[in-house]
Amino acid sequence: MAWGKRKDLLGIEDLSRDEMESILDTAESFKEVSLREIKKVPTLRGTTIVNLFLEPSTRTRTSFELAGKRLSADVINVSAASSSLLKGESLKDMAWNIEAMNTDILVVRHSAAGAAQFLSRVLGCSVINGGDGAHEHPTQALLDLFSIRERKKQIEGLTVTIIGDIAHSRVALSNILALQKMGAHVRIAGPATMIPLGVASLGVEVTYDMDAAIEGADVIMMLRIQKERQGGHLFPSIREYATHFGLNQRRLRGAKKDLLIMHPGPINRGVEISPEVADGPYSIILDQVTNGVAVRMAILFLYSGAAQ
Ligand code: CP
């Protein structure tokens, strides 16, 4: 499909299947750039990108920075600790000031759901959501789709199980929406206290039993416990959580032979996933990280307007 000018990437809910496929196809063409001796193309020369990360991040911030630099854009990183938010400046004032320096694309991560949407309303430049509270993490879902498609060739018809703290995870919501739009069957599992009420209305299968969650799955996506977004104690102890909802080799005995195990990171070894499984033959966790650069190159390219 032809990619029309779209200003912002705020969530998977705004994207059609065709648009997601365009992003994945574009990422495929960019993946090879990172394998070159000189990992750079001039595609976004003269474009200014600001990564405004007001919550911690390793993978998303680094891969957006690498993606921009590999496209020859000028990339600046701003964190909460180094910004004038600490002196009382509002998010809106800070964003206006960043835009006043002729910024073309603002990538934002914020602890509040809706922060990216708010900035998209007050700014003329493109806004890319790098994760807003427990709402959406669209670029993570897109790199997850890319990683599944790369291995399985197609997503339609696959059973994908997402296990863990679904209620507080923006990765879960973006992946549920993205996988369903691509024709996958989505199953979610976790302790009842971490499964949102009414989630079945999204069309997902819900189970509270790990063996049922794993049975017949083509892909298992493990999530960490999002302690920073939980209001209180949602399970008795870490040990109990790991016993009932941790993925280990014993639990995988009845799994499909071509199963893929994914995790958006950061992983908590021995809690939601054992080290043997995280580093084992089914795991594509580091492929997800590698693919994150190509997918974010595609997103920066398409949302910069350079594709037109
Ligand atoms: N997956 C993910 O968002 O990781 P970071 O928090 O390290 O960016």
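Here, the structure is the one placed above.
It should be emphasised that the depicted structure is a prediction, and the values quoted were computed from it without experimental measurement.

Caption draft 1: Summary view of the sheet that holds strand β3 (residues 105-110). The strand order across the open sheet formed by four strands is β2-β1-β3-β4, and the pairing between neighbours is parallel. Either end of the sheet is taken by a strand with one partner, and the two such strands are β2 (74-79) and β4 (126-132). Strand-to-strand twist of the sheet, defined as the mean angle between neighbouring strand axes without regard to direction, takes the value 15°.

Caption draft 2: Up close: the pairing of strand β5 (residues 159-163). For β5, a buried count of five out of five residues is recorded, marking the element as mostly surrounded by other parts of the structure. Neither face of β5 is exposed, since Thr-159, Thr-161 and Ile-163 on one face and Val-160 and Ile-162 on the opposite face are all buried. Remark: the β5/helix α6 (residues 170-181)/strand β6 (residues 185-189) crossover connection has right-handed handedness. Pairing geometry for β5 and strand β8 (residues 219-222), over four bridges, is parallel.

Caption draft 3: A look at the site of the ligand. Around the ligand, the neighbouring residues are Ser-57, Thr-58, Arg-59, Thr-60, Arg-109, His-137, Gln-140, Pro-264 and Gly-265. Contact distances for the ligand include 2.6 Å between an oxygen atom and a side-chain N or O atom of Ser-57. Summarising the interface, the protein chains cover 91% of the accessible area of the ligand, which totals 250 Å² for the free molecule. Class assignment of the residues belonging to the shell around the ligand gives a composition of one nonpolar, six polar and two charged.

Caption draft 4: Quick look at the sheet that holds strand β9 (residues 260-262). Taken together, five strands build an open sheet; the order of strands is β7-β6-β5-β8-β9 and the sheet is parallel. Two strands bound the open sheet, and with one partner strand each, they are β7 (205-207) and β9. Shown here is a sheet whose adjacent strand axes are inclined to one another by a mean of 20°, direction ignored.

Caption draft 5: Representation of α6 within the structure. Taking 1.5 Å per residue as the helical rise, α6 with its twelve residues ought to reach 16 Å, and the 17 Å between its terminal C-alpha atoms agrees with that figure. By the criterion of burial, α6 is predominantly enclosed, with nine of the twelve residues buried. Residues of α6 that are buried include every one of Arg-170, Val-171, Ala-172, Ser-174, Asn-175, Ile-176, Leu-177, Ala-178 and Leu-179, and no others. For α6, the side-chain oxygen to backbone nitrogen distance between the N-cap and Val-171 is 3.2 Å, and the N-cap itself is Ser-169. Following α6 by one or two positions, Gly-183 has its phi on the positive side, about 90°.

Caption draft 6: View of unusual backbone geometry. With omega at -5°, the peptide bond leading from Gly-265 into Pro-266 counts as cis. Tracing the backbone shows Pro-266 in the loop between β9 and α9 (275-278). A positive phi angle is found at Ser-72, which is not glycine, with a value near 70°. On the secondary structure map, Ser-72 appears in the loop between α2 (59-70) and β2.

Caption draft 7: Inspection of the packing of helix α1 (residues 17-31) against helix α5 (residues 138-152) at higher detail. Between α1 and α5, whose axes approach to 10 Å, the crossing angle comes to 70°. Taken as axis vectors, α1 and α5 run roughly perpendicular relative to one another. Remark: the crossing between α1 and α5 carries right-handed chirality. Every residue of α5 that contacts α1 at Met-20, Glu-21, Ile-23, Leu-24, Asp-25, Ala-27, Glu-28 and Lys-31 is listed here: Leu-142, Leu-145, Phe-146, Arg-149 and Glu-150. When grouped by side-chain class, the residues that make up the contact of α1 with α5 number seven nonpolar, no polar and six charged.

Rules of the game
- Residues numbered from 1 in each chain as written.
- Predicted model: local features only at pLDDT ≥ 70, side-chain atom pairs only at ≥ 80, totals over all residues.
- Heavy atoms only, no water.
- Pairing = 2+ DSSP bridges.
- Helix = DSSP H or I, 4+ residues; strand = E, 2+ residues; numbered from the N terminus.
- Axes fitted to C-alpha atoms, helices over the stretch in contact; angles between N-to-C directions.
- Buried < 20%, exposed > 50% of the residue type's maximum accessible area, 1.4 Å probe, protein only.
- Right-handed = clockwise from strand over helix to strand, strands pointing away.
- Near = heavy atom within 4 Å.
- Polar contact = N/O pair within 3.5 Å; in protein donor to acceptor, adjacent residues only side chain to side chain.
- Areas by Shrake-Rupley, 256 points an atom, 1.4 Å probe, with all protein chains shown as cover.
- Nonpolar A, V, L, I, M, F, W, Y, C, P; charged D, E, K, R; others polar.
- Expected span 1.5 Å × (residues − 1).
- Parallel < 35°, antiparallel > 145°, perpendicular 65-115°, else oblique.
- Left-handed = near helix turned anticlockwise from the far one by under 90°.
- Contact = heavy atoms within 4.5 Å.

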